[in-house]
Amino acid sequence: MSLTYRPARAQDLATTEALVVASINDLTERHGFGRMATASPPNFQLFSLKDDPDGLWIAEDSGDILGFAWSWVCGDVWFLAQLFVEPAQQGRGIGNELLKLTLEHARKSEAVHKALITFTFNRVSQGLYIRHGLFPKMPIYFFAAARERVIAELPEPLLSSIAIDDTAAHMKRLAEIDASAVGVAREKHHRYLLNDPATTGVMLCAGSECVGYTYIGTNGHIGPLAVTRADVLSDAFTTALRMAADG
């Protein structure tokens with residue numbers, strides 16, 4: 001048996017999605033949160049593979065996929081989207097080697113900023129990331145609630161909405177909003193979302209001013225959402241909630 005690392009291929013991605021779901025659920029169940037992840041088609045992973053194949057890596061032993069790492073780059077930002085190792089294979093240094101490969105992706109892309117999101121209670125992974133110079137910085141929370149409960153206490157939205165299209169004017173405004181909110185344009189990700197039949201994107205407007213955007217999934221998922229001014233964030237989120245609930 002020989003442990004090897006190689007670039008991911010399109011035919012690997014269904015298997016890696018199952019590995020990611022199993023790894024997340026193993027972690028969350030061990031910490032008393034129950035199963036939190038469900039499988040979904042690896043559409044965004046496939047998009048990223050076609051866009052920049054250097055960001056997706058496989059750890060393999062005798063044809064069995066034991067680990068998966070996936071990162072993408074926009075402008076000068078490198079983001080580690082996933083790094084998971086099959087639970088029974090953890091402790092063999094697989095995660096460390098996969099992280100080295102993805103950090104090489106960041107180096108080759110000349111990314112100035114590096115970021116990722118992980119569970120607060122995932123101390124093993126946090127230790128791995130810290131050893132490679134990636135430190136906790138900002139808490140991010142995921143919330144879910146029944147549609148009926150949300151509607152019962154939801155005020156009417158204060159912002160109007162306009163469907164996003166792929167015209168030059170809309171792409172330019174989206175780039176301006178992203179540059180203001182997160183410091184980098186994400187045109188390729190907007191085009192991906194606009195081509196996703198399960199997602200609806202809208203510009204958010206206060207009067208005649210376009211102050212942000214949001215995407216709503218058919219499953220009620222909200223995001224990404226970005227605004228140009230902090231004072232309209234609450235109104236933007238209320239509007240997105242109303243759209244999700246009404247849908």
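Provided above is the structure to which this section pertains.
Residue indices begin from 1 for each chain and proceed along its sequence in written order. Local features in this predicted model are restricted to residues of pLDDT 70 or higher, and side-chain atom pairs are both shown and tallied only at a pLDDT of 80 or more, whereas totals for entire chains, interfaces and linings draw on every residue. To get the side-chain values, all heavy atoms of the structure are used, and hydrogens and water are removed first.

Peer 1: Can you lay out the pattern of salt bridges for me, pointing to particular residues and giving the numbers?
Peer 2: Salt bridges are defined by distance alone: a side-chain nitrogen of Lys or Arg within 4 Å of a carboxyl oxygen of Asp or Glu. Enumeration over the complete set of coordinates arrives at 16 salt bridges. Here Glu187 makes a salt bridge to Arg191, at a shortest N to O gap of 2.8 Å. In this pair, Glu187 and Arg191 are both assigned in helix H7 (residues 187–194), four residues apart and thus about one turn of the helix distant. The class of Arg191 is partly exposed, set by a relative accessible area of 32%. Put simply, Arg229 and Asp231 hold a salt bridge, and the shortest N to O gap is 2.9 Å. Burial classification: accessible surface area is computed with a 1.4 Å probe over protein chains only, and a residue below 20% of its type maximum counts as buried, one above 50% as exposed, and the rest as partly exposed. Residue Asp231 is classed as exposed on the basis of its relative accessible area, which comes to 54%. Through salt bridges that share partners, Arg6, Asp12 and Glu60 make up one connected network. By the criteria applied, helices consist of DSSP H or I runs no shorter than four residues and strands consist of E runs no shorter than two, each listed in order from the N terminus.

Peer 1: Pulling in residues and values, what's your account of the nonpolar core?
Peer 2: In this text, buried Ala, Val, Leu, Ile, Met, Phe, Trp, Tyr and Cys residues form a nonpolar core when linked through side-chain atoms within 4.5 Å. In terms of nonpolar packing, the biggest core is built from 19 residues, with Leu56 and Phe68 touching the most fellow members. Elements represented by at least two residues in this core include exactly helix H1 (13–30), strand S2 (56–61), strand S3 (64–74) and strand S4 (77–85). Note on contacts: a residue pair is in contact if any heavy atoms of the two residues lie within 4.5 Å. With sequence-adjacent residues up to four places away left out, Phe68 is seen in contact with Ala8, Leu13, Thr16, Val20, Leu56, Trp57, Ile58, Gln82, Leu83, Phe84 and Leu98. Residues Ala59, Ala106, Ala111 and Leu128 belong to the second largest nonpolar core, which totals 18 residues.

Peer 1: Please set out H7 residue by residue, giving values where relevant.
Peer 2: For H7, every residue scored as buried is listed here: His189, His190, Tyr192 and Leu193. Buried residues of H7, viewed axially, fall in a sector of 160°; they line one side. At its buried positions, H7 is contacted by helix H2 (43–51), S3, helix H6 (168–181), strand S7 (199–206), strand S8 (209–217) and strand S9 (222–227). Directions drawn from the helix axis to the C-beta atoms are what define this arc.

Peer 1: Hey, could you go over the sheet that holds strand S1 (residues 3–7) for me, with residue numbers and the actual values?
Peer 2: Adjacent strands of a sheet form backbone hydrogen bonds with each other and so pair up, either parallel or antiparallel. Between any two strands, at least two bridges found by DSSP are needed for them to pair. One open sheet accounts for five strands, arranged S1-S2-S3-S4-S5; its pairing is mixed. On the outer flanks of this sheet lie S1 and strand S5 (113–116), each paired with one strand and no other. Going from strand to strand, the sheet's axes swing by 20° on average, the running direction of each strand aside. In the sheet, S2 pairs with S3 via six bridges, with the strands oriented antiparallel. Paired with Asp61 across the bridge in S3 is Asp64. Lines fitted to C-alpha atoms define the axes here, with helix axes fitted over just the stretch in contact, and angles between the N-to-C directions of these axes take values from 0 to 180 degrees.

Peer 1: Tell me about the side chain of Ser125, and name the residues and values.
Peer 2: With respect to the element layout, Ser125 can be found in helix H4 (residues 123–131). Polar contact is defined as a pair of N or O atoms within 3.5 Å, subject to the rule that within protein one atom must be able to donate a hydrogen and the other to accept it, and that residues adjacent in sequence are counted only when both atoms are side-chain atoms. For Ser125, the side chain forms a polar contact with the side chain of Asn122, separated by 3.0 Å.

Peer 1: Account for the pairing of S5, naming residues and giving values.
Peer 2: As judged from the four bridges shared by S4 and S5, these two strands associate in the parallel manner. The residue bridging Leu80 from the neighbouring strand is Leu116, located in S5. The handedness rule is simple: strands pointing away from the viewer, and a clockwise path from the first strand over the helix to the second, make the crossover right-handed. Between S4 and its parallel partner S5, the chain crosses via helix H3 (residues 94–109), and the hand of that crossover is right-handed.

Peer 1: I'd love a proper account of a nonpolar patch on the surface, names of residues and values included.
Peer 2: Residues qualify for a patch when their relative accessible area is over 30% and they have no salt bridge, like charges being joined within 9 Å and the nonpolar side chains of Val, Leu, Ile, Met, Phe, Trp and Tyr within 5 Å. Only the protein chains shown count as covering a residue, and every accessible area follows the Shrake-Rupley method with a 1.4 Å probe. Taken together, the side chains of Ile117, Met138 and Ile140 make up a nonpolar region of the molecular surface, amounting to roughly 350 Å² of accessible area. Within the fold, Met138 resides in the loop between H4 and helix H5 (147–152). Residue Met138 is classed as exposed on the basis of its relative accessible area, which comes to 62%.

Peer 1: Before we move on, can you summarise the sheet that holds strand S6 (residues 160–163) with the specific residues and values?
Peer 2: Strand order in this open sheet of four strands is S6-S7-S8-S9, and the pairing throughout is antiparallel. The sheet is open, and its two borders are formed by S6 and S9, each paired with just one other strand. Each neighbouring strand pair of the sheet contributes to a mean axis angle of 25°, computed without reference to strand direction. Each of S7, S8 and S9 touches H7; the most contacted strand, S8, lies at about 55° to it.

Peer 1: Mind laying out the packing of aromatic side chains, listing which residues take part and the relevant values?
Peer 2: Classification of ring pairs rests on two measures: the distance between centres of Phe, Tyr or Trp rings, Trp counted by its six-membered ring, which must be within 6.5 Å, and the angle between planes, read as stacked under 30 degrees, edge-to-face over 60 and tilted in between. Inspection of the entire model under this criterion finds nine aromatic pairs. Here the aromatic rings of Phe44 and Tyr192 are separated by 4.9 Å at their centres, their planes lie at 45°, and the arrangement is tilted. Linking Phe44 in helix H2 with Tyr192 in helix H7, this pair joins segments that are 148 residues apart in sequence. When its relative accessible area of 21% is taken as the criterion, Phe44 is described as partly exposed. Centroid distance Tyr213 to Tyr215: 5.8 Å. Interplanar angle 70°. Geometry classified as edge-to-face. Across the pair, exposure class does not vary: Tyr213 and Tyr215 are buried alike. Among the aromatic residues, those joined into a ring-pair cluster are Phe44, Phe47, Trp70 and Tyr192.

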